[in-house]
Amino acid sequence: MKKITIKGTGSCAPERVVPNSYFEKIIDTSDEWITTRTGIKERRMIEKGQAMSDLATLASASALQMAGISPEELDLIIIGTSTADMVSPSAGCIVQHRLGAKKAVAFDVNAACPGFIYGLAIAQKFMQDGSYGKALVVGGEIISNRIDFKDRSTCVLFGDGAGAVVLGHSNGKDDGEILSMDIESDGDLWRLIHVPGGGSRIPASHEMLNEGLQYLKMQGNEVFKHAVRTLVDSANKIMAQQGITSGEIDWFIPHQANIRIMEVVAERLGIPTEKVIITVHKYGNTSAASIPVAFDEAVRSGRIRKGDLILVNSFGAGLTWGAALFRY
Ligand code: ACO
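The residue numbers shown here count from 1 along each chain, following its written sequence. The predicted nature of this model means local features are confined to residues of pLDDT at least 70 and side-chain atom pairs, given and counted, to a pLDDT of 80 or more, with totals for whole chains, interfaces and linings taken over all residues. Just so you know, side-chain values use all the structure's heavy atoms and leave hydrogens and water out.

A. Geometry of the packing of helix H3 (residues 52–67) against helix H4 (residues 91–99). Note on method: axes are straight lines fitted to C-alpha atoms, helices fitted across the in-contact stretch only, with angles between N-to-C directions ranging 0 to 180 degrees. Each helix is a run of DSSP H or I of at least 4 residues and each strand a run of E of at least 2, with the numbering of both proceeding from the N terminus. One way to put it is that H3 packs onto H4 with a least axis distance of 10 Å and a crossing angle of 55°. For the element pair H3 / H4, the angle class is oblique. Crossing hand, H3 versus H4: right-handed. The segment H3 lies against H4, with Met52, Ser53, Asp54, Ala56, Thr57, Ser60, Ala61 and Leu64 engaging Ala91, Ile94, Val95, Arg98 and Leu99. Here the residues of the contact of H3 with H4 are counted per class, giving eight nonpolar, three polar and two charged. Oblique is the label for any angle not under 35 degrees, not over 145, and not in the 65 to 115 range, which are roughly parallel, roughly antiparallel and roughly perpendicular in turn. Left-handed describes a crossing whose near helix is turned anticlockwise from the far helix through less than a right angle; right-handed describes the clockwise counterpart. Whether two residues are in contact is decided by their heavy atoms: any pair within 4.5 Å suffices. Ten residue types, Ala, Val, Leu, Ile, Met, Phe, Trp, Tyr, Cys and Pro, are classed as nonpolar, four, Asp, Glu, Lys and Arg, as charged, and the remainder, Gly among them, as polar.

B. Structural detail: the sheet that holds strand E12 (residues 309–316). Two strands pair if DSSP finds at least two bridges between them. Strand order in this open sheet of four strands is E8-E13-E12-E11, and the pairing throughout is mixed. Edge positions in the open sheet fall to strand E8 (177–185) and strand E11 (251–254), since each of these has one partner strand only. Taken pair by pair, the neighbouring strands of this sheet meet at an average axis angle of 10°, ignoring direction. Relative to strand E13 (residues 320–327), E12 runs antiparallel, the two being bridged by eight bridges. Across the sheet, isoleucine 310 pairs through a bridge with phenylalanine 326, a residue of E13. The strands that helix H11 (residues 290–300) touches are E11, E12 and E13; relative to E11, the one it contacts most, it runs at about 150°.

C. Looking closely at unusual backbone geometry. Put simply, serine 88 and proline 89 share a cis peptide bond, and its omega is 5°. Summarising the element assignment, proline 89 is placed in the loop between strand E4 (76–80) and H4. Omega for the bond connecting glycine 318 with leucine 319 falls within 30 degrees of zero, at -10°, which places this linkage in the cis form. Counting through the fold element by element, leucine 319 comes out in the loop between E12 and E13. You will see that alanine 112, though not glycine, has its phi angle at about 55°, which is positive. Along the chain, alanine 112 turns up in the loop between strand E5 (105–109) and helix H5 (115–128). Among the residues examined, alanine 112 registers a relative accessible area of 8% and is labelled buried. Whether a residue is buried, partly exposed or exposed follows from its accessible area with a 1.4 Å probe, protein chains only, as a fraction of its type maximum: under 20%, in between, or over 50%, in that order.

Structure (structure tokens):
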């Protein structure tokens, strides 16, 4: 089995910054409530007319440049997203077209926040037998047009963004390696986070729009409990598979949904806060984009270096969850 490694990273956040003070003007909330309950101070949102593939294409181009790989060399493009540009075709095919990645096979994975981790796991399987050599895995999401700006329990939480990695076969000891992956789901809990309208059950209609069924519905405090349990279990599972203890982890990148969830999970795993990469204060919850964006920023700022041992984990609508352990 061939070893798979990360050759390049990239990310893209929209330019428009939406601070907590914006929500103080439109709903009954406060900067103090949002900051203490979530850790979020601001988030980025697209301008009208922009779409997920705009961010994903820029993030991908940046990851390809770092990897020194041209789009024409890509064999595989997987986009973790639940907010593709259109219902059909996939965002993967749009990004393939925009990059000019002629020979790649391209598709999306709809697994909500862990979509990037699901994408990594799928790419790893495709590449391990050597039949696929170079892959692009993206986590990208535009949540700003899926949220109801009148629902204070959800609208303050989310932001838009995209992050990407380019994968290749590892050249040897110093080239890094994806060590272990875990992806899981529990469809019994689908109601906890869902967007009811716009699919085949409740297709687009004036009635659907009037009832606000195009917007994300979430039972936040129920999700909170499941998030902590699944994030801890998934991380422990893959560390045990490799015989690695949390003391050996150089950097922990949890899904950037809520600072309180991240702190509890890090504490239960025995990982000190100085080893936790945090971006939730400036981007909010960007769903599938949260881990690749945080990873790319940590690589480009020089915090994460070649050879570091990285643990990432995520959870989201489905419910879905997962974790990855890799040496960069
Ligand atoms: N401003 C002020 N008050 C608010 C706000 C707000 N923006 N939102 C809710 N409140 C109020 C509630 O109405 C409630 O008031 P009440 O006590 O009078 O009824 C009170 O604050 C407490 O509400 P809770 O929901 O219990 O607050 P909690 O501490 O659980 O925080 C939060 C809510 C931030 C949503 C938290 O539960 C959370 O982060 N959950 C996890 C959500 C998540 O991470 N989802 C990720 C997956 S998303 C995806 O897959 C796309």
